[in-house]
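Structural overview
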Amino acid sequence: MARKVPSINTGAMADISFLLLTFFLLTSSITNEQGIPRLLPKPSTEQQKQEEDIRQRNIMTILVNRNNDVLVTAKGEQYVIEKKKIATELKDKAKEFLANPKNDPNLPEKFVKQIDNLGAYEVSRGVISLTNDNNTTFETYILVQNELQKAVNELRDEAALNYFGQKMDKLDPEEKKAIQEAIPINISEASSAN
Amino acid sequence: MARFRKEGKKEVPEINTGSMSDIIFMFLFFFMVITTMRESDSQVKFTPPKASEYQKLEKKSSVATIYMGEPKKQGIPAIDEVVSIQLNDKFARTRSEDMKVDIKGFIEEERAACAEKDKDPNAITYSLKIDSDVKMRYVNILKQELRQNNALKINYSTKKDKKEGK
């Protein structure tokens with residue numbers, strides 16, 4: 001008869017793994033790292049010279065003032081958007097400016113660019129210049145940034161539907177890159193108005 | 001003798017606890033995978049602003065976090081007694097020359113740490129965790145400093161807007 005191997009007591013193993021579990025629970029955090037990515041302009045004086053060269057029709061100026069209202073200058077006109085209406089009105093203004101669907105001479109010029117997967121595409125030269133007052137709250141600033149991002153995202157989605165028949169988040173990385181090149185995010189964050 | 005045998009039969013059978021550790025190990029691995037180590041606790045009040053067009057931060061290994069907000073405790077250096085800048089676990093000093101030195105030092109440290117791991121120092125994303133009530137004048141100071149030091153990739157930390165979240 002074969003000798004019976006004595007069973008090992010594994011009760012303590014559960015205790016050890018419980019300890020490890022609590023250790024990891026305490027020292028770690030579920031990351032909710034999400035946000036709006038932006039690129040700051042390079043620290044050089046050349047950039048400022050270039051900015052001066054941009055023609056008036058290609059700039060949309062957005063000034064967020066101390067009362068957290070927004071003053072938009074585009075098409076040679078000025079509008080004031082109150083804080084409550086930022087979420088509803090700003091996006092459409094930005095979209096109209098960036099897309100320029102009717103080739104309005106007061107809205108940004110376009111230039112033809114060869115893009116892989118897309119062919120020749122008319123890329124807008126429009127730049128949104130975002131300035132703020134010293135007393136603007138960060139919350140409003142992000143609200144404005146969010147609306148601008150939404151405008152760009154919707155334009156990209158429309159272009160993606162047009163060219164590839166799908167929305168941005170379902171495209172291949174290469175197709176995504178093409179769309180991103182066709183509709184760039186040109187938001188210039190100048191430091192402050194005064 | 002019969003009495004003894006009877007009691008032996010009444011004994012509750014032992015529960016096999018061998019699989020318990022397996023279950024707990026599964027929990028452990030689950031938590032290890034979905035979490036990352038917290039590098040520094042925020043010592044400032046930080047309520048992120050809401051946004052619907054957020055993107056998930058990629059490459060968590062090359063992210064440097066800067067907190068900005070009202071200090072939670074007394075004795076933390078704060079600009080105008082209102083806003084502190086927290087760089088990892090340190091705080092930037094408040095005199096503007098000192099602050100510049102501190103921010104520059106922080107960026108250089110992050111770059112050096114990144115270069116040690118054979119990663120591109122220019123790929124570091126600076127995650128700005130700024131409280132929604134902070135006035136833009138302080139944010140602008142920070143942005144200016146980042147720009148001067150060629151730290152251009154930034155990310156404004158936000159939280160999901162429940163009303164129009166994707």
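Here is what the cut-offs are and how they apply
- Residues numbered from 1 in each chain as written.
- Chains lettered and ligands numbered in written order.
- Predicted model: local features only at pLDDT ≥ 70, side-chain atom pairs only at ≥ 80, totals over all residues.
- Heavy atoms only, no water.
- Helix = DSSP H or I, 4+ residues; strand = E, 2+ residues; numbered from the N terminus.
- Buried < 20%, exposed > 50% of the residue type's maximum accessible area, 1.4 Å probe, protein only.
- Contact = heavy atoms within 4.5 Å.
- Areas by Shrake-Rupley, 256 points an atom, 1.4 Å probe, with all protein chains shown as cover.
- Expected span 1.5 Å × (residues − 1).
- Core = buried A, V, L, I, M, F, W, Y, C linked by side-chain atoms within 4.5 Å.
- Salt bridge = Lys/Arg side-chain N within 4 Å of Asp/Glu carboxyl O.
- Patch = residues over 30% accessible without salt bridge, like charges linked within 9 Å, V, L, I, M, F, W, Y side chains within 5 Å.
- Pairing = 2+ DSSP bridges.
- Axes fitted to C-alpha atoms, helices over the stretch in contact; angles between N-to-C directions.
- Parallel < 35°, antiparallel > 145°, perpendicular 65-115°, else oblique.
- Left-handed = near helix turned anticlockwise from the far one by under 90°.
- Nonpolar A, V, L, I, M, F, W, Y, C, P; charged D, E, K, R; others polar.

What follows is about the overall build of chain A. Tallying secondary structure elements over chain A gives five helices and nine strands in all. Going through the 194 residues of chain A one by one, you find that 39% of them count as buried. Sequence separation of at least 24 residues holds for 61% of the intrachain contacts in chain A that already meet a minimum separation of 6. Accessible surface for chain A amounts to roughly 11,500 Å². Of this, 50% is attributable to carbon and sulfur atoms.

Right, let's talk about the overall build of chain B for a bit. Counting secondary structure elements, chain B contains four helices and nine strands. For chain B, the proportion of its 166 residues judged to be buried stands at 43%. Here the contacts in chain B between residues at least 6 apart in sequence split such that 66% fall between residues at least 24 apart.

What follows concerns helix α3 (residues 86-99) of chain A. In an α-helix, one turn spans 3.6 residues; hence positions three or four apart end up facing the same way. Residue and element names in this part refer to chain A. A rise of 1.5 Å per residue sets the reference length of α3, with its 14 residues, at 20 Å; its end C-alpha atoms lie 19 Å apart and thus fit the reference within 8%. Contacts made by the buried residues of α3 are with β3 (59-64), β4 (70-74), β5 (77-81), β7 (119-124), β8 (127-132) and α4 (138-164). Count one or two residues on from α3 and you reach Asn100, which has phi positive near 45°.

Most often, soluble globular proteins keep nonpolar side chains buried together rather than apart. Ranked by internal contacts, the top residues of the largest apolar core, which has 66 residues, are Tyr126(B) and Leu146(B). When residues of this core are assigned to their parent elements, the largest contribution, ten residues, is made by α4(A). Contact partners of Tyr126(B), with chain neighbours within four places excluded, come to Ala64(B), Ile66(B), Phe106(B), Ile107(B), Arg111(B), Leu146(B), Ala151(B), Lys153(B), Ile154(B) and Asn155(B). Residues Ala14(A), Phe24(A), Ile24(B) and Leu28(B) belong to the second largest nonpolar core, which totals six residues.

With that settled, the discussion passes to unusual backbone geometry. Phi angles above zero are rare outside glycine, and Asn68(A) is one such case at about 65°. Using a relative accessible area of 12% as the deciding quantity, one classes Asn68(A) as buried.

Within this structure, the stated rule accounts for nine salt bridges over all chains. A salt bridge links Glu158(A) to Lys95(A); the shortest N-O distance between them is 3.2 Å. Residue Glu158(A) is located in helix α4, and its partner Lys95(A) is located in helix α3; the two are separated by 63 residues in the primary sequence. We classify Lys95(A) as buried; its relative accessible area is 17%. A salt bridge links Lys90(B) to Glu109(B); the shortest N-O distance between them is 3.4 Å. Of this pair, Lys90(B) sits in strand β6 (residues 90-91) while Glu109(B) is found in helix α3 (residues 96-116), placing the two residues 19 residues apart along the sequence. Take Lys90(B): its relative accessible area is 48%, and that puts it in the partly exposed class. Judged by relative accessible area, which is 44%, Glu109(B) ranks as partly exposed. When salt bridges with common partners are traced through the structure, they connect Lys91(A), Lys95(A), Glu154(A) and Glu158(A) into a single cluster.

Our next topic: a nonpolar patch on the surface. Residues Phe30(B), Val33(B) and Ile34(B) make up a contiguous nonpolar surface patch of about 300 Å² in total accessible area. Tracing the backbone through its elements, the reader meets Ile34(B) in helix α2 (residues 18-34).

An order of β3(B)-β2(A)-β8(B)-β7(B)-β4(B)-β5(B)-β6(B) is seen for the seven strands of this open sheet, with the pairing classed as mixed. The outermost strands of the open sheet, each flanked by one partner alone, are β3 (55-56) and β6 of chain B. Note: strand β4 (residues 63-69) of chain B against strand β7 (residues 125-130) of chain B, six bridges, orientation parallel. Across the sheet, Tyr67(B) pairs through a bridge with Lys129(B), a residue of β7(B). Contacting β2 (34-39) of chain A together with β3, β7 and β8 (153-157) of chain B, α4(A) runs over the sheet at an angle of about 80° to β2(A). Seen against the sheet, helix α4 (residues 136-148) of chain B touches β4, β5 (84-87), β7 and β8 of chain B and runs at an angle of roughly 155° to β4(B).

Here the focus is the packing of α4(A) against helix α5 (residues 173-182) of chain A. If you want to describe how two helices pack, look at the angle between their axes and the distance between the axes. Residues and elements named next belong to chain A. Packing of α4 against α5 brings their axes to within 10 Å, and their N-to-C directions diverge by 125°. Taken together, the axes of α4 and α5 are oblique relative to one another. For α4 against α5, the interelement crossing comes out right-handed. Where α4 approaches α5, its residues Arg156, Ala159, Ala160 and Phe164 are matched on the opposing element by Glu175, Ile179 and Gln180. Classifying every residue of the contact of α4 with α5 by side-chain character gives four nonpolar, one polar and two charged.

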